[in-house]
Amino acid sequence: MNDLLVFSDEVVKAKAIGAPIVALESTIITHGMPYPQNLETARQVEAVVRAAGAVPATIAVMEGKIRVGLDDDTLAALSQARNVAKLSRADLAVALAGGQTGATTVAATMIAAALADIAVFATGGIGGVHQGAEASFDISADLAELSQTPVTVVAAGPKAILDLPKTLEVLETYGVPVIAFGQDAFPAFWSRDSGLKAPLRMDSAAQIAAAHKMRARLGLQGGQLVANPIPPEAELSSAMLAPLIAQAQDAARLRGMTGKDVTPFLLQHLLELTDGRTLTANIALVLNNARLGAAIARAMTG
Ligand code: PSU
Ligand code: MN
């Protein structure tokens, strides 16, 4: 494994002293946000993790290696690169065997984090069950990953472009603990309240860390999903978003979008329909998740 994983100096040092580490994904950089906001956000997320007393490890596949912790030049290059591969569980081995470069989704980042012995991962939103999945069968590999890889993922809920009740049902079937942080309602990415009750609620990082460790003691596979509501001042109303989400879905259907292209297409379309307001909210919620991720990582080591 050592020849496949390449750690940044900062992560090597953190590992040597058992300091808390937070994994971060790269698909949000290459497919989730436009340049230059993607680069600014990636840097800010790392700064927030450091300010909160943990070490950031942004994960990507570069020339056939899993890089755990990226230097600023690599981050800058990734943020501007075009046609970067979006790597999920199905693609990871193929990309590595072929010496390729690509961004890791939530699923692939979880796999890499687990290999690197990193227990906590912060991102924006996870993939889930798409609207119309009963016909399209479009269910993100992120959900199956949460059921088998022991990483606690901090997100602002599944992206609001998804079918949230179905996403919760699949997570329940898979036995994934879905924990709303500090409230009863299940958050919906750009909005604090999806109108659904979260299956579980926790109010402290220590509780989340303890539950993560207990799963390991029980020999249970899989991780936890922490759904951290977007800060109130950054929230977008779901009433305002709902018709725009429907419009974006129609556009995706009309263009025959399928597979990996669906999520990036919907996010980009919504950014245009809201004059960038979904992007501003997305940035705020990622930073908020990075802060909570650092607190959980600290509680794990403490
Ligand atoms: N969160 C964001 N923006 C994103 C993603 C998450 O705020 O772009 C990415 C993640 O990498 C997630 C992926 O794993 O979208 C889900 O893609 P799909 O629905 O194709 O599984
Ligand atoms: Mn999909």
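Predicted model only: the values in this text are computed from it and were never measured.

Enquirer: Tell me about the overall build of the chain, and name the residues and values.
Expert: A tally of helices and strands in the chain yields 13 helices and 11 strands. Its C-alpha atoms give the chain principal-axis dimensions of about 50 × 40 × 35 Å. The buried share among the 302 residues of the chain stands at 57%. Within the chain, contacts between residues at least 6 apart in sequence are counted, and of these 75% link residues at least 24 apart. About 12,800 Å² of surface is accessible on the chain, with carbon and sulfur atoms providing 54% of the total. Here the chain contributes 23 positively and 28 negatively charged side chains, and the mean placements of these two sets differ by 4 Å.

Enquirer: Which residues make up the pairing of strand β4 (residues 65-68), and what values go with them?
Expert: Walk down a regular strand and you will see the side chains alternate between the two sheet faces. Two elements, strand β1 (residues 5-7) and β4, share 3 bridges in a ladder whose sense is parallel. By the bridge assignment for β4, Phe7 is matched with Val68. The pairing of strand β3 (residues 55-62) with β4 spans 4 bridges and is classified as antiparallel. The partner of Val61 across the bridge, within β4, is Ile66. Taken together, β3 and the strand that follows it, β4, pair antiparallel across an intervening segment of 2 residues, in which Glu63 is found at a positive phi of about 45°.

Enquirer: Residues and numbers for a nonpolar patch on the surface, please.
Expert: Taken together, the side chains of Met214, Leu218 and Leu220 define a hydrophobic patch exposed on the protein surface, amounting to about 290 Å² of accessible area. Examined against the element boundaries, Leu218 turns out to sit in helix α10 (residues 205-218). Given the relative accessible area of 57%, Leu218 is considered exposed.

Enquirer: Tell me about the environment of Thr167, and please be specific about residues and values.
Expert: Checked against the element boundaries, Thr167 lands in helix α9 (residues 164-173). It is 12 Å that separates the C-alpha atoms of Thr167 and Phe137, two residues lying 30 residues apart in sequence. Not counting residues within four places of it along the chain, the set of residues in contact with Thr167 comprises Gly128, Val129, Leu143, Pro158 and Leu162.

Enquirer: Outline the pairing of strand β11 (residues 224-227), supporting the account with residue identities and numerical values.
Expert: Going residue by residue along β11, you find Gln224 and Val226 tucked away on one face and Leu225 and Ala227 tucked away on the opposite face as well. Two strands pair when backbone bridges link them, and strand β8 (residues 152-155) and β11 are joined in this way by 4 bridges, in the parallel orientation. Looking at β11, one finds that Ala155 is bridged to Ala227. Where strand β9 (residues 178-181) meets β11, 3 bridges bridge the pair, whose relative direction is parallel. Pairing of Val178 across the sheet is with Leu225, part of β11.

Enquirer: Quick one: what's the story with the packing of helix α3 (residues 37-51) against helix α13 (residues 277-301), residue by residue and with numbers?
Expert: One can describe the packing of α3 onto α13 by two numbers: an axis separation of 8 Å at closest approach and a directional angle of 25°. Judged by the angle between their axes, α3 and α13 are roughly parallel. In this structure, α3 meets α13 at a crossing whose hand is right-handed. Here α3 contributes Gln37, Thr41, Gln44, Val45, Val48 and Val49 to the contact with α13, which in turn contributes Leu279, Ile283, Val286, Leu287, Ala290, Arg291 and Ala294. A breakdown of the residues in the contact of α3 with α13 according to their chemical character gives 9 nonpolar, 3 polar and 1 charged.

Enquirer: Explain the site of ligand 1 residue by residue, including any values.
Expert: The local shell around ligand 1 holds 17 residues, among which Glu25, Lys86, Ser140, Asp142 and Thr263 are the closest. Within the side chain of Thr263, an N or O atom sits 2.7 Å from an oxygen atom of ligand 1. Between ligand 1 and the protein, one listed contact pairs an oxygen atom with a side-chain N or O atom of Asn282 at 3.4 Å. Contributing elements (two or more residues each) for the shell around ligand 1: α2 (27-32) and α12 (262-273). When residues in the shell around ligand 1 are grouped by element, the largest group, 3 residues, is from α2.

Enquirer: Lay out the nonpolar core with the relevant residues and their values.
Expert: Counting 65 residues, the largest nonpolar core has Val22, Trp190 and Ile296 as the members making the most contacts within it. No other element matches the 12 residues that α13 contributes to this core. Those residues in contact with Val22 that lie beyond four places of it in its chain are Val49, Ala54, Val55, Pro56, Ala57, Ile118, Val120, Ala122, Gly293, Ala294 and Ala297. Among the nonpolar cores identified, the runner-up in size contains 42 residues, and Ala14, Ala23, Ala113 and Val151 belong to it.

Enquirer: Break down unusual backbone geometry for me, with residues and values.
Expert: Of note, the amide linkage connecting Tyr35 to Pro36 takes the cis form, showing an omega dihedral of 5°. Assignment of secondary structure puts Pro36 in the loop between α2 and α3. Even without being a glycine, Phe189 presents a positive backbone phi close to 65°. Following the sequence through the fold, Phe189 ends up in the loop between β9 and β10 (200-202). Positive phi outside glycine occurs at Asp275, with the angle close to 55°.

Enquirer: Can you lay out α12 for me, pointing to particular residues and giving the numbers?
Expert: Helix length check: α12, at 12 residues, gives a terminal C-alpha distance of 16 Å against a target of 16 Å (1.5 Å per residue), a fit within 8%. The buried fraction of α12 amounts to 9 of the 12 residues, a majority that puts the element mostly inside the structure. Within α12 the residues assigned to the buried category are Val262, Thr263, Pro264, Phe265, Leu266, Leu267, His269, Leu270 and Leu271. Among the structural elements, α2, β5 (85-87), α11 (238-254) and α13 are those in contact with the buried residues of α12.

Calculation criteria
- Here, residues in each chain are numbered from 1, in the same order as that chain's written sequence.
- Each chain gets a letter, beginning with A, and each ligand a number, beginning with 1, in the order they are written.
- In view of the model being predicted, local features appear only for residues whose pLDDT reaches at least 70, and side-chain atom pairs are presented and counted only at 80 or more, with totals across whole chains, interfaces and linings using the full set of residues.
- Only hydrogens and water are set aside when side-chain values are computed; all heavy atoms of the structure are taken into account.
- Where helices and strands are cited, they refer to DSSP runs of H or I of at least four residues and of E of at least two residues respectively, numbered from the N terminus.
- Think of it in three bands: with a 1.4 Å probe and only protein chains considered, a residue is buried below 20% of the maximum accessible area for its type, exposed above 50%, and partly exposed in between.
- Any two residues whose heavy atoms approach within 4.5 Å at even a single point are treated as in contact.
- Here the accessible surface of atoms and residues is derived via Shrake-Rupley with a 1.4 Å probe, and residues count as covered only by protein chains that are part of the display.
- Charge assignment in this entry is limited to Lys and Arg as positive and Asp and Glu as negative, and neither His nor the chain termini are counted.
- By convention, charge coordinates are those of NZ in Lys, CZ in Arg, CG in Asp, or CD in Glu.
- We call two strands paired when DSSP finds no fewer than two bridges between them.
- Nonpolar side chains (Val, Leu, Ile, Met, Phe, Trp, Tyr) within 5 Å and like charges within 9 Å form the patches, drawn only from residues with over 30% relative accessible area and no salt bridge.
- We count a salt bridge whenever a side-chain nitrogen from Lys or Arg sits within 4 Å of a carboxyl oxygen from Asp or Glu.
- Every angle, taken between N-to-C directions, lies between 0 and 180 degrees, and every axis is a line fitted to C-alpha atoms, over only the stretch in contact when it is a helix.
- Roughly parallel means an angle under 35 degrees; roughly antiparallel means over 145; roughly perpendicular covers 65 to 115; every other angle is labelled oblique.
- We call a crossing left-handed when the near helix sits turned anticlockwise from the far one by less than a right angle, and right-handed when that turn is clockwise.
- Charged means Asp, Glu, Lys or Arg here, nonpolar means Ala, Val, Leu, Ile, Met, Phe, Trp, Tyr, Cys or Pro, and polar covers whatever is left, Gly included.
- For this purpose, a residue is taken to be near a molecule or strand whenever a single non-hydrogen atom of the residue falls within 4 Å of it.
- Any N or O atom pair separated by 3.5 Å or less is treated as a polar contact, with the protein-specific requirement of one donor-capable and one acceptor-capable atom, and with residues adjacent in sequence counted only for side-chain atom pairs.
- Grouping buried Ala, Val, Leu, Ile, Met, Phe, Trp, Tyr and Cys residues that are joined through side-chain atoms within 4.5 Å yields what is termed a nonpolar core.
- Expected helix span is given by 1.5 Å per residue-to-residue step, counting one fewer step than there are residues.

Shape descriptors only; they carry no functional weight alone.
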